[in-house]
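# Observations on the three-dimensional arrangement
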Amino acid sequence: MRDEELRRFIPQLPRVPGIQGRHRYFNSAVIIPLLWQQSEYHLLFQVRAKEIRQGDEICFPGGAFDADLDESFTETALRETEEELGLDRSQVEVIGRLDTLVVPMGTAIEPHLGLLNVTDLSELRPDPREVARIFTLPVSYFREHDPEVYSVRVEVHPVHVDDHGQERVLLPAAKLGLPERYHAPWGGKEMPIFVYQTQEGVIWGMTAELLRDLTRYLRLF
């Protein structure tokens, strides 16, 4: 490649690097809701309805990015919060962002810190199809309590056995002539799982990881 060709090529590179292969991820966004209660800031959580995916788990309001509805991940977070909590998006002031969270299960989450313009939880009308209940916990709780840390083992499996016992070859490593170490599961990296035990239930997984990241900043004010 000559110098003039290189100069024409360089402007084609992304101005802001993204995440390679992001289209293959479940892309989502959440609001981490803050509101003033009992003379201090609280974080609002919701318990997912039993019948939906990850039912009965504690999370923040949010959901999947929809290119037909959302111009940005901020739009996603506001739309989903509006639908789930039954408030107008004008009552949510997005005051900041946290780092994108990418997890091994193929999910990318864009977390937004949002200040709720409500004086009491009775002003909210959660959608019972998605939300079993809502509650708040004081910010001070997470300043004062570190999460418990456990781990899971994440491996790459070139072969999958389905619920009927049928084997499905995902990567024909032997046929492709790949080294023998890739003919069986490989990797085996341990990934941390964070857990907060609270009076309202166990907060764990992606929500706990977002909380742990947020806590780094909470301790600054």
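Residues numbered from 1 in each chain as written. Predicted model: local features only at pLDDT ≥ 70, side-chain atom pairs only at ≥ 80, totals over all residues. Heavy atoms only, no water.

## Some words on the side chain of S28
Within the secondary structure layout, S28 lies in strand β1 (residues 26-37). Look at S28 and you get buried, because its relative accessible area is 6%. Residue contacts for S28: discarding those within four places in its chain leaves G63, A64, F65, F73, T107, A108, I109 and E110. (Helix = DSSP H or I, 4+ residues; strand = E, 2+ residues; numbered from the N terminus. Buried < 20%, exposed > 50% of the residue type's maximum accessible area, 1.4 Å probe, protein only. Contact = heavy atoms within 4.5 Å.)

## A look at the sheet that holds strand β13 (residues 201-204)
Here we have three strands laid out as an open sheet, ordered β9-β12-β13, and antiparallel in their pairing. For this open sheet the edge positions go to β9 (148-156) and β13, each flanked by a neighbour on one side alone. If you compare each strand with its neighbour and ignore which way they point, the axes differ by 30° on average. Here four bridges tie strand β12 (residues 186-198) to β13, and the two strands are oriented antiparallel to one another. Opposite Q197, over in β13, you have V202 as the bridge partner. Against the sheet, helix α5 (residues 205-218) touches β12 and β13, its axis set at about 75° to β12. (Pairing = 2+ DSSP bridges. Axes fitted to C-alpha atoms, helices over the stretch in contact; angles between N-to-C directions.)

## Re helix α2 (residues 73-85)
Between the first and last C-alpha of α2 there are 18 Å, a value that for 13 residues agrees with the 18 Å anticipated at 1.5 Å per step. By the burial criterion, the buried members of α2 are T76, A77, L78, R79, E80, T81, E84 and L85. Backbone geometry just after α2 places G86 at a positive phi near 70°. (Expected span 1.5 Å × (residues − 1).)

## Quick look at the packing of aromatic side chains
If you walk through the whole model with that rule in mind, you get eight aromatic pairs. Aromatic pair F45 and F60: ring centres 5.0 Å apart, planes at 25°, arrangement stacked. Here F60 lies in the loop between β3 (58-59) and β4 (62-64) and F45 lies in strand β2 (residues 40-48), a separation of 15 residues in the sequence. Exposure class is identical for F45 and F60. Each is buried. Their ring planes at 20° and their centres at 5.4 Å tell us that F45 and F135 sit as a pair that is stacked. Here the residue F45 occupies a position in strand β2, and F135 occupies one in strand β8 (residues 131-138), the gap between them amounting to 90 residues. Pair check on accessibility: F45 and F135 agree, each one buried. By way of ring pairs, the aromatic residues F45, F60, F135, Y141, F142 and Y196 are connected into one cluster. Above the plane of the ring of F26 lies R53, whose end atom (NZ or CZ) is 5.1 Å from the centre. (Phe/Tyr/Trp six-rings, centres within 6.5 Å; stacked < 30°, edge-to-face > 60°. Lys NZ or Arg CZ within 6 Å of the ring centre and 35° of its normal.)

## Describing a nonpolar patch on the surface
On the surface, L6, F9, I10 and L13 cluster together into a nonpolar patch covering about 350 Å² of accessible area. Take F9: it is sitting in helix α1 (residues 3-9). Judged by its relative accessible area of 39%, F9 falls in the partly exposed class. (Patch = residues over 30% accessible without salt bridge, like charges linked within 9 Å, V, L, I, M, F, W, Y side chains within 5 Å. Areas by Shrake-Rupley, 256 points an atom, 1.4 Å probe, with all protein chains shown as cover. Salt bridge = Lys/Arg side-chain N within 4 Å of Asp/Glu carboxyl O.)

## Side note on the pairing of β2
Where burial is concerned, most of β2 is hidden: seven out of the nine residues are buried. Here β1 runs beside β2; their pairing, made up of four bridges, is antiparallel. If you follow L35 over to β2, its bridge partner there is H42. Linking two consecutive strands that pair antiparallel, namely β1 and β2, is a turn of two residues; a positive phi of about 50° is found at Q38 within it. When β2 meets β3, the two strands line up antiparallel, connected through two bridges. Each bridged residue has a counterpart across the sheet, and for Q46 the counterpart in β3 is C59.

## Topic: the environment of G55
Inspection of the secondary structure puts G55 in the loop between β2 and β3. What makes G55 partly exposed here is its relative accessible area of 23%. Considering only alpha carbons, one finds G55 and P128, 73 residues apart in sequence, at a separation of 12 Å. Those residues in contact with G55 that sit more than four places away from it in its chain are R48, A49 and K50.

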